[in-house]
Amino acid sequence: MATTHTTEHPVPADNGEVNLLIARQVEPGHEETFEAWAHGILETAAGFPDHLGYGLFRPARDGGPWFLVHRFRNQAAFQRWQDSPERAQWFSNCLGHHHTEIARRELHGMETWFAKPGTARPAPPRWKMAISSGLAIFPISLAGNAVLGPYLVDLHFVVRTAAFAVVFSTLMTYVAMPAVSRLLRPWLTKD
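Fair warning: this is a prediction, and the values are worked out from it, not measured in the lab.

Enquirer: Sorry, what's going on with the overall build of the chain here?
Expert: Across its full length, the chain holds 8 helices and 4 strands. When the helices and strands of the chain are listed from N to C terminus, the series reads β-α-β-β-α-α-β-α-α-α-α-α. Counting the 191 residues in the chain, one finds 37% classified as buried. In the chain, the share of contacts with a sequence separation of at least 24, taken over all contacts with a separation of at least 6, comes to 71%.

Here you go:
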């Protein structure tokens, strides 16, 4: 089984979550067998403590790689799965299924915002991630304080801070960071 290794870079403000992206090349005519195997191994992993979810993505074009994604709460949960007899059993039973791992990537914390889907390219340097995050945080903080601030001023500071944290983290994850990482992608991926 061939594997492409990439250098991993832990990032600041890492919440410990581990996202595993695996690309597998499936020989033509064996897609149905592979898909059944992939669903089985993903469902087995989902039964492990602190497994947060998974995905299986078909190729974008004929002959392209399939992608499997696992999400784990932390490195220990990820390692439990990696070292498990259940995982080993799935791999011992995949001979003759005509699929090969061609890339594997572990993404940690904020690094997932900067990963280009379908690639095994390492995350940008930390200083570029910090600048990009700052550019995303500033307008959210400014708008959040202007819009929410007047309504939350009478709340206890812990409740007020919690409200801001929920709104800001949601907007960062689903709006600001995807937009900033798309906008700055040429700069972020430049060596």
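Enquirer: Even after reading the chapter, I still don't get the pattern of salt bridges, so can you show me in this structure?
Expert: If the charged atoms of two oppositely charged side chains come close together, the side chains can form a pair. The final tally for this structure, using the stated rule, is 4 salt bridges. Here Glu101 and Arg24 are joined by a salt bridge, their closest N and O atoms 3.5 Å apart. Separated by 77 residues along the polypeptide, Glu101 in strand E4 (residues 99–108) and Arg24 in strand E1 (residues 18–26) bring together distant segments of the chain. Notably, a salt bridge pairs Asp50 with Arg73, separated by 3.1 Å at the nearest N-O pair. Taken as a pair, Asp50 in the loop between helix H1 (31–46) and strand E2 (51–57) and Arg73 in the loop between strand E3 (66–72) and helix H2 (75–82) lie far apart in primary sequence, 23 residues in all. Taking relative accessible area as the criterion, Arg73 reaches 45% and is therefore assigned partly exposed.

Enquirer: What am I meant to see in the pairing of E3 here?
Expert: When a strand is regular, its side chains alternate between the sheet's two faces. Burial within E3 is extensive, with 5 of its 7 residues counted as buried. Of the pairings in the sheet, the one linking E1 to E3 comprises 7 bridges and is antiparallel in character. Within E3, the residue paired with Leu20 across the bridge is His70. Judged from the 6 bridges that link them, E2 and E3 form a sheet pairing that is antiparallel. Across the sheet, residue Phe57 finds its bridge partner in E3, namely Phe67.

Enquirer: Honestly, the packing of aromatic side chains in this entry has me stumped. Any pointers?
Expert: For any pair of aromatic rings, geometry is given as the distance between the ring centres together with the angle between the planes. Summed over all chains, the structure comprises 6 aromatic pairs. Both rings, one in Trp37 and one in Phe91, keep their centres 5.3 Å apart while their planes meet at 75°; by these two values the pair is edge-to-face. You can see Trp37 sitting in helix H1 and its partner Phe91 sitting in helix H3 (residues 85–92), a full 54 residues away along the chain. Ring centres of Phe72 and Phe78 lie 5.6 Å apart, and the angle between their planes is 65°; on these two criteria the pair is classed as edge-to-face. We note that Phe72, like Phe78, is buried.

Enquirer: How do you make sense of the UniProt feature "transmembrane region" (unreviewed entry) in the chain when you look at a structure like this?
Expert: Residues annotated by UniProt as "transmembrane region" (unreviewed entry) correspond here to residues 130–151 and 157–177. Here residues 130–151 runs as 95% helix and 0% strand, with 30 Å between its end C-alpha atoms.

Enquirer: Looking at this model, I keep getting lost on the nonpolar core. Mind explaining?
Expert: The nonpolar side chains of a soluble globular protein tend to be buried, and buried together. Counting residues in hydrophobic clusters, the biggest one holds 20 residues, and the most contacted among them are Phe34, Trp37, Ile41, Leu56 and Leu68. Contributions of two or more residues to this core are made by E1, H1, E3 and H2. In terms of residue count, H1 provides more of this core than any other element does, 6 residues in total. With 10 residues, the next largest nonpolar core counts Ala136, Leu152, Ala176 and Met177 among its residues.

Enquirer: It is not clear to me how a nonpolar patch on the surface should be interpreted in this structure. Could you clarify?
Expert: A cluster of nonpolar side chains, contributed by Trp127, Ile131 and Leu135, occupies part of the molecular surface with about 320 Å² of accessible area. By the element assignment, Trp127 lies in helix H5 (residues 126–147).

Enquirer: Looking at this structure, I do not really get the side chain of His99. What am I missing?
Expert: Relative to the helices and strands, His99 resides in strand E4. A distance of 2.9 Å separates a polar atom in the side chain of His99 from a polar atom in the side chain of Arg24. Apart from residues lying up to four places away in sequence, His99 is in contact with Arg24, Gln25, Val26, Phe34, Trp37 and Cys94.

What counts and how
- Residues numbered from 1 in each chain as written.
- Predicted model: local features only at pLDDT ≥ 70, side-chain atom pairs only at ≥ 80, totals over all residues.
- Heavy atoms only, no water.
- Helix = DSSP H or I, 4+ residues; strand = E, 2+ residues; numbered from the N terminus.
- Buried < 20%, exposed > 50% of the residue type's maximum accessible area, 1.4 Å probe, protein only.
- Contact = heavy atoms within 4.5 Å.
- Salt bridge = Lys/Arg side-chain N within 4 Å of Asp/Glu carboxyl O.
- Pairing = 2+ DSSP bridges.
- Phe/Tyr/Trp six-rings, centres within 6.5 Å; stacked < 30°, edge-to-face > 60°.
- UniProt positions renumbered as here; feature names shortened; annotations may be inferred.
- Core = buried A, V, L, I, M, F, W, Y, C linked by side-chain atoms within 4.5 Å.
- Patch = residues over 30% accessible without salt bridge, like charges linked within 9 Å, V, L, I, M, F, W, Y side chains within 5 Å.
- Areas by Shrake-Rupley, 256 points an atom, 1.4 Å probe, with all protein chains shown as cover.
- Polar contact = N/O pair within 3.5 Å; in protein donor to acceptor, adjacent residues only side chain to side chain.

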